[in-house]
Amino acid sequence: MRKIGIMGGTFDPIHNGHLMLAREAYKIYHLDEVWFMPNGRPPHKNIETIESDVHHRVEMVKLAIEGHPEYHLETYEAFSENTSYSYQTLEHFHNCNPDDEFYFIIGADSLFTLDSWVHPERIFPICTILAAYRDEIDTSGEMLEQIHKLESSYESVDIRLMVTPLIHVSSHELRKKIKNGESIQKDVPEVVEAYIREHRLFGA
Ligand code: ATP
């Protein structure tokens, strides 16, 4: 049995906040692997607001996790023709790996929208959810309230609050910084910064 963390995201671009989240989950929950899973057509984000092509987003993830044998790039959603629903993806992983335990790693903003996802009741029985604080939404009280709400609305809910360092970075802010010609050196791995420059992504 493996303990596998799933770190899904748009990764437009991947940044140090994502990497911190994965690393903390890996350490705190003694995971064997973390799968970084860029989404292709996420239901919760307007496809128009994703600025870089999926191939670039995948490539940036690949570069960011290079040299970490415990990390793995998972392209199941990235290259799917259809909208990717987390419940379908997780059921797929669960069915293909029935002996493994899955840990779905999310930030606070995702915790607050979880009950509006499609079929959250199919997600809970097949994975543990690791939810981390995130800068502006860092009140543990509100997060615990949300967890209790989910626990009373659904069955088999196992959501753990993860106390992680706060990294004040979002892809949205980074895209703005790049457009304004500001440095993103402190926010992304060097190889990702170089890739963005080389391919002139986000108006670089
Ligand atoms: P955008 O700004 O474009 O909405 P994002 O920075 O939130 O993007 P996503 O790829 O949408 O990045 O995020 C994937 C997951 O990582 C989400 O669950 C999100 O909550 C979490 N996450 C992103 N940035 C951070 C951060 N700085 N600290 C903790 N969690 C984060």
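A short tour of the structure in this document, coming up. (Residues numbered from 1 in each chain as written. Predicted model: local features only at pLDDT ≥ 70, side-chain atom pairs only at ≥ 80, totals over all residues. Heavy atoms only, no water.)

**Topic: the state of the cysteines**
Applying the stated rule across the entire model yields 0 disulfides. Free cysteine: Cys127, not disulfide-bonded; nearest cysteine sulfur from Cys96 at 15 Å. Cys127 gets classed as buried once you look at its relative accessible area, which sits at 5%. (Disulfide = S-S within 2.5 Å. Buried < 20%, exposed > 50% of the residue type's maximum accessible area, 1.4 Å probe, protein only.)

**A closer look at the nonpolar core**
Counting 32 residues, the largest nonpolar core has Ile14, Phe36 and Ile105 as its most contacted members. Setting aside residues no more than four positions away along its own chain, Ile105 makes contact with Gly5, Ile6, Met7, Leu21, Ala25, Leu31, Val34, Leu130 and Met162. Core analysis: the second largest hydrophobic core is formed by 25 residues, Ile4, Trp35, Met37 and Ile123 among them. (Core = buried A, V, L, I, M, F, W, Y, C linked by side-chain atoms within 4.5 Å. Contact = heavy atoms within 4.5 Å.)

**Description of helix 1 (residues 16-28)**
Every α-helical turn comprises 3.6 residues, leaving residues that sit three or four positions apart pointing alike. If you check helix 1, its first and last C-alpha atoms are 18 Å apart, about what 13 residues at 1.5 Å a residue would give, namely 18 Å. For helix 1, the set of buried residues is Gly17, His18, Leu19, Met20, Leu21, Ala22, Glu24 and Ala25. Directly after helix 1, the chain includes His30, whose backbone phi takes a positive value near 50°. (Helix = DSSP H or I, 4+ residues; strand = E, 2+ residues; numbered from the N terminus. Expected span 1.5 Å × (residues − 1).)

**Some thoughts on the pairing of strand 1 (residues 3-9)**
Burial analysis of strand 1 places 5 of its 7 residues in the buried class, the great majority of the element. Of the strand pairs in this sheet, strand 1 and strand 2 (residues 33-38) are connected by 6 bridges, and their pairing is parallel. Residue pairing across strands places Ile4 opposite Glu33, the latter belonging to strand 2. Remark: the strand 1/helix 1/strand 2 crossover connection has right-handed handedness. (Pairing = 2+ DSSP bridges. Right-handed = clockwise from strand over helix to strand, strands pointing away.)

**What to know about the packing of aromatic side chains**
Here the structure, examined in full by the defined rule, presents 10 aromatic pairs. The interplanar angle of 35° and the centroid separation of 6.3 Å between the aromatic rings of Tyr29 and Tyr103 together place this pair among those described as tilted. You can see Tyr29 sitting in the loop between helix 1 and strand 2 and its partner Tyr103 sitting in strand 4 (residues 101-107), a full 74 residues away along the chain. Where Trp35 meets Phe102, the ring centres are 5.8 Å apart and the plane angle is 70°; that geometry is what we call edge-to-face. Taken together, the positions of Trp35 in strand 2 and Phe102 in strand 4 put the pair 67 residues apart, joining distant regions of the chain. One aromatic cluster is present, built from ring pairs that chain together Trp35, Tyr76, Phe93 and Phe102. (Phe/Tyr/Trp six-rings, centres within 6.5 Å; stacked < 30°, edge-to-face > 60°.)

**Thoughts on the sheet that holds strand 4**
Pairing is parallel in the open sheet, where 6 strands are placed in the order 3-2-1-4-5-6. Each of the sheet's edge strands pairs with one partner strand only, and the pair in question is strand 3 (71-73) and strand 6 (159-162). Strand-to-strand, the axes of this sheet are offset by a mean angle of 25°, without reference to chain direction. Docked against the sheet, helix 2 (residues 54-65) engages strand 2 and strand 3, running at close to 160° with respect to strand 3. Lying over the sheet, helix 3 (residues 86-96) contacts strand 1, strand 2 and strand 4, oriented at roughly 155° with respect to strand 4. (Axes fitted to C-alpha atoms, helices over the stretch in contact; angles between N-to-C directions.)

**Observations regarding the environment of Glu33**
Within the element layout of this structure, Glu33 appears in strand 2. With relative accessibility at 21%, the residue Glu33 sits in the partly exposed group. Residues in contact with Glu33, not counting those within four places in the same chain, are Arg2, Lys3, Ile4, Gly5, Tyr26 and Glu70.

**Concerning helix 8 (residues 190-198)**
For helix 8, the complete set of buried residues consists of Val192, Glu193, Tyr195 and Ile196. Considered in projection along helix 8, the buried side chains sweep an arc of 160° and stay on one side of the axis. Exposed side chains of helix 8 directed beyond 90 degrees from the buried face belong to Glu190, Arg197 and Glu198. Looking at the packing, one finds that the buried side of helix 8 touches helix 2 and helix 7 (171-179). At the exit of helix 8 stands Arg200, carrying a positive phi of roughly 50°. (Arc of directions from axis to C-beta.)

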